[in-house]
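Residue-level structure breakdown
Residues per chain are reported as follows:
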Amino acid sequence: MTDLFSKLSLYLSYPFVQYALIVGTLIALCSSLLGVTLVLKRYSFIGDGLSHVAFGAMAIATVMKLNNDMPLTLLITVLCAILLLRTGQNAKIKGDAAIAMISVGSLAIGYLLMSLFPGSSNISGDVCTTLFGSTSILTLSPEEVWLSVGLSIAVVLFFILFYNKIFAVTFDESFTRATGQRAGLYNLIIAVIIAVIIVLAMNLVGSLLISALVIFPALSAMRVFKTFKSVTVCAAIVSVFCALLGMLASILLATPVGSTIVVTDIIVFIIFTVIGKIKGGARS
Amino acid sequence: MAQIQCKQLAVGYDGQKVLSGLDFSVKAGDYLCVIGENGSGKTTLMKTLLGLLKPISGSLSFSDGISRTDIGYLPQQTDVQRDFPASVWEIVLSGCQNKMGAKPFYGKKEKTAALENIHRMKIEDLRRRCYRELSGGQQQRVLLARALCAAGSILLLDEPTAGLDPKAIDEMYALIGSLHDSGITIIMISHDVANAEKYATHILDVGNRVFFGTIDAYRKEREQHD
């Protein structure tokens, strides 16, 4: 046990581990905030689709040999978020089909680009990193750390400012629209925030596992809590707790960061489901 | 003077007419029931009145100091809402949003309005309860309180008694009746003709024969045809 603690304190003294913990915590906080909205508005697939878009975008940035691939990835993902929301409204191509098209398309294009213009000798390693995060959270440059911190704070501020409007548009979009409010604008804000979160979370868990980071804390909280505010707060706490625990565990056990965090989330979800069953009532 | 005036109004989706040739008006204090079979275009008409759809042709105008945002709306329940983790208080408060503009948080004014409408709907004891655990009738009261927060002069109700048990249906009609007595204009979509005749002052029938007029005129017309 003491062995474990001395090992942990040794790792914690490295600046890159400290950065990873700070950025990871902030990302986990952000990603949990919109989880409830995503689950309830049946937007979960948009989140999933966008994460694949982010993979494609990152591949483009890598091929272009950009030092910092986040701004370009962010731009492309935000644009796709807006596009997906628009197609959802017009419904010429049904929403879920459009999402499937864009997400699978970006995956294919991303992998193709990475194979055609390899950035390093280890393509499968690169692909694995972008898909599953692996160690990218530990290799952030100071520039990326500050960008992540800035974006996270912006997401949290935006969420707090628009909290009541996000609630209204999640609970009842047609009422919001019918009483003369700009539901379209609020949906757009939600989509942009989701896109930002996804690009941020790619560093932590990789693009394939982002949805888990967004959805599990919200689903866990919904098992036990019954008001929007308490569910949101609980989801945020669960998410931060799981991310921290997951990161520490992965450092100690030398497991991949992303999947360790997601497994922690799953365990907490199971615990919350049991608590919800015992308390009775809460379904989801 | 009419609050809402429709002349030769045609409504529908994507340029496809669902219902056309509508001539009717709603005055302050009216209780209008829109009746007709499923698929006759009642909901399409309601969406047009709310500004969610554009009229295909004809005119729809608001006057008498009324604009579209003065209409409170009680929508049919959606699947999303049945699972929604939210307290009654949070939902009723959200009705105040349309008067807040860019203001991010609820102030004293909104909270007072929400409390007032919670009293009006007699749901004080449910205030802290979770919406998804309430009965159908209770949920409708919560949504009515929210609609009243959004607008106090006209209420548009979309099948407010759908899926309720007989006792809750009677209570709902009595509640809507009391709102009408307090001076609120009611427009209700319903296929419950019996209760429509009992409470409404005017009928708009969008079924096979389009009819608009007072409840007495409607009864006469029916007698002639039956």
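Just so it is clear, the structure is predicted and the values come from calculations on it, not from any experiment. The residue count restarts for each chain, going from 1 along the sequence in the order it is written. Ligands are numbered from 1 and chains lettered from A, in the order in which they are written. Totals for whole chains, interfaces and linings use every residue, but because this is a predicted model, local features are given only for residues with pLDDT of at least 70 and side-chain atom pairs only at 80 or more, for both listing and counting.

Brief notes about the nonpolar core
Rule in force here: What we call a nonpolar core is a set of buried Ala, Val, Leu, Ile, Met, Phe, Trp, Tyr and Cys residues whose membership is set by joining through C-beta atoms within 7 Å. Our exposure labels follow a C-beta count within 10 Å of each residue's own C-beta, placed from the backbone: buried means 20 or more other C-beta atoms, exposed means 12 or fewer, and partly exposed covers the counts in between. Helix and strand labels come from DSSP, where a helix needs a run of H or I of at least four residues and a strand needs a run of E of at least two; each type is numbered from the N terminus. Residue ranges assigned to each domain were obtained from an automatic or database domain assignment. Think of it this way: build a C-beta for each residue from its backbone, and any pair within 7 Å is a contact.
In terms of nonpolar packing, the biggest core is built from 156 residues, with I194, I197, I198 and A201 of chain A together with V34, V92 and L156 of chain B touching the most fellow members. Among the elements that take part in this core, helix 11 (residues 183–205) of chain A stands out by supplying 16 residues, more than any other. If you count residues domain by domain, this core takes at least three from each of domain 1 (1–66 + 153–226) and domain 2 (79–152) of chain B. Dropping the residues within four chain positions of it, A201 of chain A is found in contact with I27, S31, I210 and L213 of chain A.

Description of the environment of L131 of chain A
All names here are of chain A. Summarising the element assignment, L131 is placed in helix 7 (residues 123–132). As for L131 and F117, which are separated by 14 residues in sequence, their C-alpha atoms are 18 Å apart. Not counting residues up to four positions away in its chain, the partners in contact with L131 are F55, G206, S207 and L208.

Let's talk about the interface of chain A and chain B
Many authors give the size of an interface as the accessible area that is lost as the parts come together. Here is the rule: Charged residues are taken to be Asp, Glu, Lys and Arg, nonpolar residues to be Ala, Val, Leu, Ile, Met, Phe, Trp, Tyr, Cys and Pro, and polar residues to be all remaining types, Gly included.
The interface of chain A with chain B comprises 27 residues on the first partner and 25 residues on the second. Counting only elements with at least two residues in the side of chain A that touches chain B, the list comes to helix 9 (163–171), helix 10 (173–178) and helix 13 (228–253) of chain A. Looking at which element gives the most residues to the side of chain A that touches chain B, the answer is helix 9 of chain A, with five residues. Residue classes in the side of chain A that touches chain B are distributed as twelve nonpolar, eight polar and seven charged.

Observations concerning the sheet that holds strand 6 (residues 154–158) of chain B
All names here are of chain B. Formally: A pair of strands is labelled paired if DSSP reports no fewer than 2 bridges between them. Axes here mean lines fitted to C-alpha atoms, for a helix over just the part in contact, with angles spanning 0 to 180 degrees between N-to-C directions.
The mixed open sheet is built from six strands, whose spatial order is 5-6-7-3-8-9. Looking at strand neighbours, the two that pair on one side only are strand 5 (71–74) and strand 9 (211–214), the edges of this open sheet. The mean angle between the axes of side-by-side strands here comes to 15°, regardless of whether they run parallel or antiparallel. One ladder, built from four bridges, connects strand 3 (residues 31–35) with strand 7 (residues 185–189); its direction is parallel. Bridge pairing in strand 7 links L32 to I187.

Here's the deal with the packing of helix 11 of chain A against helix 12 (residues 210–224) of chain A
Residues and elements named next belong to chain A. Our working definition: Between 65 and 115 degrees an angle is taken as roughly perpendicular, under 35 as roughly parallel, over 145 as roughly antiparallel, and anywhere else as oblique.
Running from N to C, helix 11 and helix 12 point in directions that differ by 105°, and their axes come no closer than 8 Å. The pairing of helix 11 with helix 12 is recorded here as roughly perpendicular in orientation. Across the interface between the two elements, I197, I198, A201, M202 and V205 of helix 11 pack against I210, L213 and V214 of helix 12. Among the residues forming the contact of helix 11 with helix 12, the class breakdown is eight nonpolar, no polar and no charged.

Quick word on the pairing of strand 4 (residues 57–62) of chain B
Residue and element names in this part refer to chain B. Within strand 4, only zero of the six residues are buried, leaving the element largely exposed. In this sheet, strand 4 lies alongside strand 1 (residues 2–13) in antiparallel orientation, the contact comprising five bridges. The residue bridging C6 from the neighbouring strand is L60, located in strand 4.

Side note on the domain arrangement of chain B
Residues and elements named next belong to chain B. Taken as a whole, chain B is organised into domain 1 (1–66 + 153–226) and domain 2 (79–152). Taken over C-alpha atoms, the centre of domain 1 sits 25 Å from the centre of domain 2. Counting residues at the interface gives nine residues for domain 1, matched by six residues for domain 2. Mapped by element, the contributors of at least two residues to the side of domain 1 that touches domain 2 are strand 6 and helix 6 (166–181).

Things to note about the environment of G184 of chain A
Among the secondary structure elements, G184 of chain A is positioned in helix 11. For the pair G184 of chain A and V169 of chain A, spaced 15 residues apart in sequence, the C-alpha to C-alpha distance is 9.1 Å.

Details of the environment of P104 of chain B
Position of P104 of chain B among the secondary structure elements: in the loop between helix 3 (88–94) and helix 4 (108–120). Measuring from C-alpha to C-alpha, the distance between P104 of chain B and L22 of chain B comes to 40 Å, with 82 residues separating the pair along the chain. Excluding anything up to four places from it in sequence, P104 of chain B contacts L161, F162 and N164 of chain A.

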